[in-house]
Amino acid sequence: MTQAILSLGDLQVHFAVRGPFNRRVGSIKAVDGVSFDLMPGEVFGLVGESGCGKSTLGKAIMGIHKPTAGEIWFEGQRIDGLTPAARRAVRHSLQYAYQDPGASLDPRWKIGSSLHEPLVIHTDLDAAARDARIRSILEAVGLPDTHLDLYPHEISGGQQRRVGLARILTLHPKVVILDEPTSGLDVSVQATVLSLFRGLRETFDLTYVLISHDLAVIRTMCSRVAVMYLGRIVESGPTDAIFDRPRHPYTRSLVAAIPKIGGVRVTRDFWLQGEPPDPGNLPSGCRFRTRCPKATDLCAREEPALSALAPGAVACHFPD
Amino acid sequence: MTALLAVEDLSLGFATEAGFASVLDRVSLSIERGQVLGLVGESGCGKTTLARAILGVLPRETARITGGRVSFRGTDLLTADPASVNQTIRGRAITFVPQDPFTSFNPVFTVGDQIMEILKWKSPRADQPHGRGWLPAVVSRYPADRKRLDFDAVLELLDAVQLPRPDQMLRKYPHELSGGQRQRLMIAMALLPGPDLVIADEPTTALDVTIQAQILGLIRRLATERNVAVLLTTHDLGAAYEICDAVNVMYAGQDVESAPVDRFFAAPAHPYTTKLLASLPDADGTARGIPGEVPGLITPPGGCRFHPRCERADGPCREERPPVDQLGGGHWVRCYHPHREAT
């Protein structure tokens, strides 16, 4: 068994809700006790609806949000609570691809300058060596090097996404967290971007954490999936098992909600009613019980723990 | 049977600094009563512009219609008197569900106020022209008896779109509601004037997959129950498959294919449609994108606008736009070399 490259132990990120005079009146448990191990070379999917805490989790791993409790281990080193200087050394092997690449590129900088910046910060290469590395990366993501002299608004959304990826890859990271990498792209562009991700993983020996609400993308990309609902992992396991035999009622409804062309129309008898409750005011016991058809008194009293149920793990008192 | 709405050879474009962008090039479509028609295409293909042209809400300074007809119940909306279109059709017989429920409400009024404001002008019970004598229409009063009837209709419809406790819902401000609730309110607002046609512009793009399934189911059910035609523009082929009776595909401002939904997904004929379907993500990861990019519309490619990205293209494709090729069963395609093997 190989060593996990990244592990989370009972990670919690809570945000304070402040009332008048900055008094703390409650907290939003954006991430509430999440643990997983990421193996080298795998593509791990984090899926859930908006507001379930998947992006917060990704940003907590990067150190953008400070965890309230819990541990983050990267290559055998505990990285939460590191000093900023020690953190910087970790950062170039752990990278985050932002949801909106257009907004994460400086509109007044040419693409070339944006690509130089990470190398200026993290390495002591001279300009010529930086330029050589940028050109090779740009070729790997499938962009002509004439793009170096363009501004972000002059290129399309799919190309911006490639530039964002090139910017990350210049530092030769080991783990890349992809936050909604295809949101806002048309399907024809999405397919090429996804196959680019696959190719780059082979070339640069990357490990991906793929955060998405799009189950079709998760299914085609990931080897292992964790489903989040209101800050907790409710089910995790190999992709095929999650999609073919979902155990948790929430996973079942998510999988059922994907339109299947040529299959039965899900809108005919879609059973999941209502919307997720307010994360600042969670129901007692199981978080899903207010929408769950199987909920009983036990679900209201006790929150089910994520327990192993081959081939994955599920947090439900009454799994299928 | 004549169609409820028929768009024939509509061409229009926008004047831009770089020149005239031809956004729609001889586009045709038709919808019958009670039919849900999907208008599918990628961003920039002109589907939203077409929806706006039908509603007549294109920017007046820059948009220029260069040909074609939009006939609704027999009247040509492009040549009819604008005042009468506004009085009887726009917002009454044809209503609109916007893409983004987050920015479509005014944040400083309660949703109840905003719904009643619409009904003051567009209620099916208000037949009289607004304003009395020399008073401008804006300051005319909302008759109390009609207001009461309208309010009852609102409560009934909020119940129909499955919003819990409608009377409390109406007192809330938009920020107190979730995206799904706002989209349900938008659908209710579109149905309140008693329309014949609802234009829904990507109504589920901003929503999560489980909420999307709920909203799509709602649109389908209400369209059938109330015999309302729905023009659903979407880039999501899955959503189109779920609720549409027929699908029209657009590419770069041209309509390329139209078919009843089952035929469309079983036997797509246009090379663009087949490539679009092949680029949907699937379990074994064999999805292929479409090489190349959508062309610019200021100097679009001649003939069929898909020819630079199509491996079947030859001389005629570059010269002349293909005519409509009827494949039977309401299925037509505009292509010189359609896929026929599957049909």
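The rules behind each value
Residues numbered from 1 in each chain as written. Chains lettered and ligands numbered in written order. Predicted model: local features only at pLDDT ≥ 70, side-chain atom pairs only at ≥ 80, totals over all residues. Buried ≥ 20, exposed ≤ 12 C-beta atoms within 10 Å, placed from the backbone. Helix = DSSP H or I, 4+ residues; strand = E, 2+ residues; numbered from the N terminus. Contact = placed C-beta atoms within 7 Å. Nonpolar A, V, L, I, M, F, W, Y, C, P; charged D, E, K, R; others polar. Domains from an automatic or database assignment. Pairing = 2+ DSSP bridges. Axes fitted to C-alpha atoms, helices over the stretch in contact; angles between N-to-C directions. Parallel < 35°, antiparallel > 145°, perpendicular 65-115°, else oblique. Left-handed = near helix turned anticlockwise from the far one by under 90°.

(A) Region of interest: helix α1 (residues 54-62) of chain A. Residue and element names in this part refer to chain A. α1 sits mainly inside the fold: seven of its nine residues count as buried. By the burial criterion, the buried members of α1 are Lys54, Ser55, Thr56, Leu57, Gly58, Ala60 and Ile61. Immediately beyond the C-terminal end of α1, within one or two residues, lies Gly63, with a positive phi of roughly 85°.

(B) Main features of the environment of A:Val314. Residue and element names in this part refer to chain A. Within the element layout of this structure, Val314 appears in strand β12 (residues 312-314). We classify Val314 as buried; it has 23 C-beta atoms within 10 Å. For the pair Val314 and Thr203, spaced 111 residues apart in the sequence, the C-alpha separation amounts to 34 Å. Excluding its chain neighbours within four sequence positions, the residues that come into contact with Val314 are Glu235, Arg247, His248, Leu309 and Pro319.

(C) Local environment of the interface of chain B and chain A. If you look at the interface, chain B gives 35 residues, while chain A gives 29 residues. Mapped onto the side of chain B that touches chain A, the elements with two or more residues apiece are α7 (209-226), α8 (237-243) and α10 (271-278) of chain B. Sorting elements by how many residues they give to the side of chain B that touches chain A places α7(B) first, with nine residues. Of the residues that constitute the side of chain B that touches chain A, the class distribution is 15 nonpolar, twelve polar and eight charged.

(D) Highlighting the domain arrangement of chain A. Residue and element names in this part refer to chain A. Taken domain by domain, chain A consists of domain 1 (6-93 + 174-314) and domain 2 (107-172). Taking the mean C-alpha position of each, domain 1 and domain 2 sit 30 Å from one another. For the side of domain 1 that touches domain 2, the leading source of residues is helix α7 (residues 187-204), giving six residues. By residue class, the composition of the side of domain 1 that touches domain 2 is eight nonpolar, three polar and no charged.

(E) Broad picture of the sheet that holds strand β9 (residues 224-229) of chain A. Residues and elements named next belong to chain A. Reading across the sheet, the eight strands line up as β6-β7-β8-β3-β9-β10-β12-β11 and stay open at both edges, with mixed pairing between neighbours. The outermost strands of the open sheet, each flanked by one partner alone, are β6 (94-97) and β11 (307-309). Here the average twist between neighbouring strands, direction ignored, is 25°. Alignment of strand β10 (residues 232-238) against β12, held across two bridges, turns out to be antiparallel.

(F) Highlighting the pairing of strand β2 (residues 19-31) of chain B. Residue and element names in this part refer to chain B. Across nine bridges, the pairing between strand β1 (residues 5-16) and β2 is antiparallel. Across the sheet, the residue bridging to Phe14 is Ala21, located in β2. Connecting the antiparallel pair β1 and β2 is a turn made up of two residues.

(G) Molecular detail of the packing of helix α6 (residues 179-191) of chain B against α7(B). All names here are of chain B. For the pair α6 and α7, the least separation of the axes is 10 Å and the interaxial angle reads 15°. Classed by the angle they form, the pair α6 and α7 counts as roughly parallel. The two elements α6 and α7 meet at a crossing, and its hand is right-handed. Residues Gly179, Gly180, Gln183, Ile187 and Leu191 of α6 form the contact with α7, whose participating residues are Ile211, Gln214, Ile215, Leu218, Ile219, Leu222 and Arg226. By residue class, the composition of the contact of α6 with α7 is seven nonpolar, four polar and one charged.

(H) Quick peek at α10(B). Taken as a whole, α10(B) has its buried residues at B:Pro271, B:Tyr272, B:Thr273, B:Lys275 and B:Leu276. Looking at the buried side of α10(B), the elements it contacts are α7 of chain A together with α8, β9 (246-251) and β10 (254-260) of chain B.

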